[in-house]
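# Remarks on the overall topology
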Amino acid sequence: MKKSVLFLFSLFFFLCSCQKNEESKTTIKWDSWGVPHIYATSVNELFYAQGWTQMHNHANLIVEMYGSSRGKGAEYFGEQKFQEDMMIHTLGFEELADEWATTRDPKLTAMFDSFVKGMNDYVTKNPSAVKDELKKILPLSTKDLTMHSMYVIFSRFIAGNDLGRVQQWPDMGSNTYAISPQRSASGNAMLVQNPHLPWWREFTWMEFQLNLENKSIYGANLVGLPGIGIGFNESLGWSHTDNTIDNCDTYELKIKDGGYLLDGERKEFISSSKKIKIKQEDGTLVEREIPIRRTEHGPVVNQSEEKVLAIRYVGTKTPNASLQWWNMANSNNLNEFETALKMAQIPFWNVMYADKHGDIFYIFNGLVPKRSAGDWDYWDRIIPEGKSSDIWTETHAYADLPKVKNPETGWLQNANDPPWTSTIPKVLDPNDYPGYMAPISMSFRPQRSARMLLEDESITFEELVDYKLSTRLEFADRILDDLFVAIDASNSEKAKQAKEVLMAWDREADADSKGMLLFYNWARKFNSWRKSNYSTPWDFKNPNTTPDGLADPEKAVDLLETAATEIETKFGKLDVPWGDFYRINSHGKNLPANGIDGSLGVFRVTWPGGGNENNMFAGGGDSWVGVIEFGETPKAKVLLSYGNASQEGSPHRGDQLELYSKKQLRDAWFAKEEVDANTVKKEVLGETGFNQEVDKSKN
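From a predicted model like this one, the values you see are computed outputs, not experimental measurements. (Residues numbered from 1 in each chain as written. Predicted model: local features only at pLDDT ≥ 70, side-chain atom pairs only at ≥ 80, totals over all residues. Heavy atoms only, no water.)

This brings us to the overall build of the chain. If you tally the helices and strands in the chain, you get 18 helices and 31 strands. Across the 699 residues in the chain, those meeting the buried criterion constitute 59%. Contacts spanning at least 24 positions in sequence make up 68% of the contacts within the chain whose residues lie at least 6 apart. Put simply, the chain shows about 28,600 Å² of open surface, and 48% of that area lies on carbon and sulfur atoms. With 77 positive and 98 negative side-chain charges, the chain shows a separation of 4 Å between the mean positions of the two kinds. (Helix = DSSP H or I, 4+ residues; strand = E, 2+ residues; numbered from the N terminus. Buried < 20%, exposed > 50% of the residue type's maximum accessible area, 1.4 Å probe, protein only. Contact = heavy atoms within 4.5 Å. Areas by Shrake-Rupley, 256 points an atom, 1.4 Å probe, with all protein chains shown as cover. Lys, Arg positive; Asp, Glu negative; His and termini not counted. Charge placed at Lys NZ, Arg CZ, Asp CG, Glu CD.)

Our focus in this paragraph is the environment of S528. The topology assignment puts S528 in the loop between α14 (516–526) and β21 (534–536). Along the primary structure S528 and D263 are separated by 265 residues, whereas in three dimensions their C-alpha atoms are 42 Å apart. Apart from residues lying up to four places away in sequence, S528 is in contact with F444, F475, A523, Y534, S599 and L600. Of the polar contacts made by the side chain of S528, one reaches the backbone oxygen of S599; its length is 3.3 Å. (Polar contact = N/O pair within 3.5 Å; in protein donor to acceptor, adjacent residues only side chain to side chain.)

Turning our eyes to something else, we now look at the packing of aromatic side chains. On inspection of all chains with the given rule, the structure shows 39 aromatic pairs. Ring centres 5.0 Å apart and planes at 15° place the aromatic pair Y177 and F603 in the stacked group. Of this pair, Y177 sits in strand β3 (residues 173–179) while F603 sits in the loop between β24 (589–592) and β25 (606–611), and the two are 426 residues apart along the sequence. Pair check on accessibility: Y177 and F603 agree, each one buried. Summarising the aromatic geometry, the rings of Y218 and F232 are spaced 5.5 Å apart at their centres and angled 20° between planes, so their arrangement reads as stacked. Note that Y218 is positioned in strand β6 (residues 215–222) and F232 in strand β7 (residues 230–233), a separation of 14 residues in sequence. In terms of burial, Y218 and F232 fall into one category: buried. An aromatic cluster of at least three residues, connected via ring pairs, comprises F444, F475, W505, F519, W522, F526 and Y534. Between the NZ or CZ atom of K403 and the centre of the ring of Y398, over which it lies, the distance is 4.8 Å. (Phe/Tyr/Trp six-rings, centres within 6.5 Å; stacked < 30°, edge-to-face > 60°. Lys NZ or Arg CZ within 6 Å of the ring centre and 35° of its normal.)

So, on to the pairing of strand β26 (residues 616–622). Consecutive side chains of a regular strand alternate in pointing toward one face of the sheet and then the other. For β26, the buried fraction is high: seven of the seven residues fall into the buried class. As paired strands, strand β4 (residues 190–198) and β26 are joined by three bridges and run antiparallel to one another. Looking across to β26, one finds that H196 is bridged to D622. Strand direction decides the pairing type here: β25 and β26, joined by four bridges, are antiparallel. In the sheet register, W607 faces β26, and the bridge partner there is G620. Linking two consecutive strands that pair antiparallel, namely β25 and β26, is a turn of four residues. (Pairing = 2+ DSSP bridges.)

This next bit is on the pattern of salt bridges. Tallied over the full model, the rule gives 40 salt bridges. For D676, the salt bridge goes to K29, with nearest N and O atoms at 2.6 Å. Of this pair, D676 sits in helix α18 (residues 672–677) while K29 sits in strand β1 (residues 27–31), and the two are 647 residues apart along the sequence. We note a salt bridge from E84 to K81, for which the minimum N-O separation is 3.5 Å. (Salt bridge = Lys/Arg side-chain N within 4 Å of Asp/Glu carboxyl O.)

Our next topic: the environment of N431. Take N431: it is sitting in the loop between β20 (411–414) and α10 (444–454). Taking the C-alpha atoms as reference points, N431 and E252, separated by 179 residues in sequence, lie 30 Å from one another.

Here it is in structure tokens:
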């Protein structure tokens, strides 16, 4: 009997010891959506594991992007990458990366080094994950990571408009909400996260849960970048939207005698050159030398015989942006979160915030140049004349930026509108800030955003999910009554037929909405952006109810007649379901789409990205979506529209598109019990990377 008891005690302690030993090792638990839940024993092992998981889901994408961001795209991929290489070298990313290596916080350097080592070790252990033609780019380095982050932040966001690199996407931006306890039916604060980006390459998101000691952080980041860019923890969450910030300027300078004019006096360019290798069709390489010239304003990005364009942008002295995001993610309350924001290392993007303590907060975040004079219109252009007074050297302090904390309305929103309409009635006055801080406007998407909250005094979690997925067109609600009056006053039978369809339409862009295609065809011809189309122009005093009315009713009817004739000729009827025409054609799937670009006042943004003779295809918009309620434990619904992997052969490549098509979100498995119940594969860190332990019963 004693031996049996001793045996049972020994077995019990052995099993406890095994469990403790397992928990003491850094572990990755993969769920059924391909989301890695990382449980780490140290910061460096956590970032090592994150690098490993990114390569597991996106190896070829990351290697290709890092190779291109080195400024060697033409060497690896051919002539089509030459212009991009020129831009990278002209802006000096390679030299800046070397500088940042010496000025970056050592803690962040250790995180970066660990992240990159995790990526490289994954490829060492899984060499077939990377295509043969990409292996010449390996191994990856911390400098590659730094240059890729510069490529994304500087050339795609801060200087994207000035460099002409974002104009092909009609609504590259985001939505976000913060709901306070006073406006929430449950008495808990809530947050909506919803970036709108193209569904490819450097704009691709990956979803993670990062667990370290007693802190759990859930969210997403752009593939190839470490940490969490948009996320939440047990106490709080945050989101970003593109803000109407002008922190990049383009200057037109006159050339004189091989130099340029500054304040009317000739100055020499600071000149250098780079040699770029270019891969030929036969695989050989040729070298081409490119001149690089700098002015007092910044590097020269374009030139003619008489003039050059030089560019100046913020952020070149902020090597610790990823550390700021990490500090934000590890905060427990608004005071700690603001301390992280005051690092002022993230040079772009609004920040929206909510927490379990009941605080909500919005800030027009970023580095705004301190300018000597001038309003928004002065700086929102190519700046002529080459004046030294137009060269700024400092940026505004945190205290100078527009921000709102716990407004009486109980809600905050941003849909890429300027900060002044973050809540209504407005609490921010643009007259309290420099004229160049932000423009004064509110387009139809933010108007729709504000309307949904204004009309609901007690918002449930389920209602907030519905608002996020709403395809109701604010522009249709605004203009159809005037269009119907104009149709009734006309003699057009075709327009009156169209009116019947539009009257029966639900004014939404759902897959089964009949009338959306007709309205969309008319709206494209009408041009909702053109101010002269309205009899009542947009008014800052009535920002969410103007513009209104038709300036030229007869023209509007003529356009509808043309639009209706085109639809009927092509499809044989006017009431074509929207999803029959608008499709998701991606990753081998062909599904009905919903939504449209935000210019028509739709909160659920799905912008077009091509098509064929009979269909238009979705190309971007809603990518990461998170709706979070902050109770004792966070409650969250999420979606990563195109799935959490881009690797060919991955079951998670496009596996969430059907949910997108059906306007559905899924549960975020945050608690350890939820994660364990949905784990399909587990990896434990060993001496040469992670070793898999597969639970076959769950897959």
